[in-house]
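Per-entry structural report
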Amino acid sequence: KAGVTQTPRYLIKTRGQQVTLSCSPISGHRSVSWYQQTPGQGLQFLFEYFSETQRNKGNFPGRFSGRQFSNSRSEMNVSTLELGDSALYLCASSSRRNMDRGWTNEKLFFGSGTQLSVL
Amino acid sequence: GDSVTQMEGPVTLSEEAFLTINCTYTATGYPSLFWYVQYPGEGLQLLLKATKADDKGSNKGFEATYRKETTSFHLEKGSVQVSDSAVYFCALSNTGFQKLVFGTGTRLLVSP
């Protein structure tokens, strides 16, 4: 079974530009989460999508947005890039089952990330 | 808000030494606790987890016990190997396994 695939692996942009990152989850997984990893702030949760709907959101400005398609693939977009947006962006997928008593939680599988450098 | 505090690294050990990486947390309610490992150039992998007080998570010789009274989840291994060299992250979740709050990570370096 293929793992979580993130593209591109590396990206260089300049301030003010916008960027789109892509994540293909493990086959059958319907939940996709995004994290930002920087040396200063560590790992921070961006947002989570399930069934094409944003389910959870972290404390990031509106320049950070995402979406999920019907095949569960997800993209995140950062507009008006700033130097501080330079980071490793990690995507993680999981299956998520709705049981009678509520949502169950399944293990997260992470991709290798997209390293974004903003110059 | 919820937070996780890990010991500063790097932790440098010789092969077969005993490992402890300290992790304490602040959270409302009863969070689930995790240890993730990140090898160079790779994403994170779940190492072990515990979902309630006194649970012990274990995997590949690593162990951690959920201690509610001390709000801790320290990672231990009896005998480390060079291949254990990586960055280890302690994390918690109060709102489902998808939204994790991570510690800053502890780099472990094991020499032969």
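See the structure shown above.
Rules and cut-offs
Numbering of residues starts from 1 in every chain and runs along the sequence as written. All chains are assigned letters beginning at A, and all ligands numbers beginning at 1, according to the order in which they are written. Under the rules for a predicted model, residues below a pLDDT of 70 receive no local features and side-chain atom pairs below 80 are neither given nor counted, while totals for whole chains, interfaces and linings still include all residues. With hydrogens and water set aside, each side-chain value is computed from the structure's full complement of heavy atoms. Going along the chain from the N terminus, every DSSP run of H or I of four or more residues is numbered as a helix, and every run of E of two or more is numbered as a strand. Note on method: radius of gyration uses C-alpha positions; expected globular size equals 2.2 Å times residues raised to 0.38. Classification of residues uses two cut-offs on accessible area relative to the type maximum, computed with a 1.4 Å probe and protein chains only: under 20% is buried, over 50% is exposed, and between them is partly exposed. Pairing between strands is defined by DSSP: at least two bridges between the two strands are required. Note on definitions: angles span 0 to 180 degrees between N-to-C directions of axes, and those axes are lines fitted to C-alpha atoms, for helices only across the stretch in contact. In this description, the term disulfide denotes a pair of cysteine sulfurs within 2.5 Å. Any pair of residues with heavy atoms lying within 4.5 Å of one another is described as a contacting pair. The quantity reported as buried area is the accessible area (1.4 Å probe) lost by two parts once they are put together, taken as the sum for both. Throughout this description, the term salt bridge denotes a Lys or Arg side-chain nitrogen within 4 Å of a carboxyl oxygen of Asp or Glu. Gly is put with the polar residues, along with every residue not named as nonpolar or charged; the nonpolar set is Ala, Val, Leu, Ile, Met, Phe, Trp, Tyr, Cys and Pro, and the charged set is Asp, Glu, Lys and Arg.

1. Here we look at the overall build of chain B
Along the backbone of chain B there are zero helices and twelve strands. Listing the helices and strands of chain B from first to last along the sequence gives β-β-β-β-β-β-β-β-β-β-β-β. Against the 2.2 N^0.38 benchmark of 13 Å for 112 residues, chain B shows a C-alpha radius of gyration of 13 Å, consistent with a compact globule. With respect to the principal axes defined by its C-alpha atoms, chain B has extents near 45 × 30 × 20 Å. Relative to its full complement of 112 residues, chain B shows a buried share of 46%.

2. Some points on the sheet that holds strand β1 (residues 5–7) of chain A
Residue and element names in this part refer to chain A. What the four strands build is an open sheet, ordered β1-β3-β8-β7; its pairing is antiparallel. Across the chains shown, the open sheet's two edge strands, defined by having one partner strand only, are β1 and β7 (64–68). Shown here is a sheet whose adjacent strand axes are inclined to one another by a mean of 20 degrees, direction ignored.

3. Here's the deal with the state of the cysteines
Considering all chains together, one arrives at two disulfides over all chains under this definition. A sulfur-sulfur distance of 1.7 Å marks the disulfide that ties C23(A) to C91(A). Disulfide C23(A)-C91(A): the torsion about the S-S bond is -55 degrees, which places it as left-handed. Of the two residues, C23(A) is situated in strand β3 (residues 19–24) and C91(A) in strand β9 (residues 87–94); the sequence distance between them amounts to 68 residues. With a relative accessible area of 0%, C91(A) lands in the buried category. Between the sulfur atoms of C23(B) and its disulfide mate C90(B) the distance is 1.9 Å. Taking the sign of the S-S torsion, about -65 degrees here, the bridge from C23(B) to C90(B) comes out left-handed. Linking C23(B) in strand β4 (residues 23–26) with C90(B) in strand β10 (residues 86–93), this pair joins segments that are 67 residues apart in sequence. Taking the relative accessible area as the measure of exposure, C23(B) reaches 1% and is therefore buried.

4. A look at the interface of chain A and chain B
Contacts between the two partners involve 22 residues from chain A and, on the opposite side, 15 residues from chain B. With both sides pooled, the region where chain A packs onto chain B buries about 1,500 Å², and carbon together with sulfur makes up 56% of that total. Across the chain A-chain B interface, the total number found is zero salt bridges. Sort the elements by how many residues they give to the side of chain A that touches chain B and strand β4 (residues 31–38) of chain A lands first, with four residues. Split by residue class, the side of chain A that touches chain B holds seven nonpolar, nine polar and six charged.

5. Describing the pairing of β7(A)
Residues and elements named next belong to chain A. Bridge count for β7 against strand β8 (residues 74–78) is five bridges, and the pairing is antiparallel. When the sheet's bridge partners are listed, F64 is paired in β8 with V78. Count of turn residues in the β7/β8 antiparallel hairpin: five residues, of which S72 carries a positive phi of about 80 degrees.

6. Observations concerning the sheet that holds strand β7 (residues 56–59) of chain B
Residues and elements named next belong to chain B. On the basis of which strands lie adjacent, the open sheet formed by four strands has the order β3-β9-β8-β7 and antiparallel pairing. Two strands in the sheet have a free side with no partner beyond their single neighbour: β3 (19–21) and β7. Within this sheet the neighbouring strands show an average axis-to-axis angle of 15 degrees, counted without direction. Across two bridges, strand β8 (residues 62–65) lies against strand β9 (residues 75–77) in antiparallel orientation. Looking at β9, one finds that F62 is bridged to K77.

7. What to know about the pattern of salt bridges
Residues and elements named next belong to chain A. In total, this model carries seven salt bridges over all chains according to the counting rule given. Among the ionic pairs, E82 bridges to R63, the shortest N-O distance being 3.6 Å. Of the two residues, E82 sits in the loop between β8 and β9 while R63 sits in the loop between β6 (53–57) and β7, which places them 19 residues apart along the sequence. Among the residues examined, E82 registers a relative accessible area of 42% and is labelled partly exposed.

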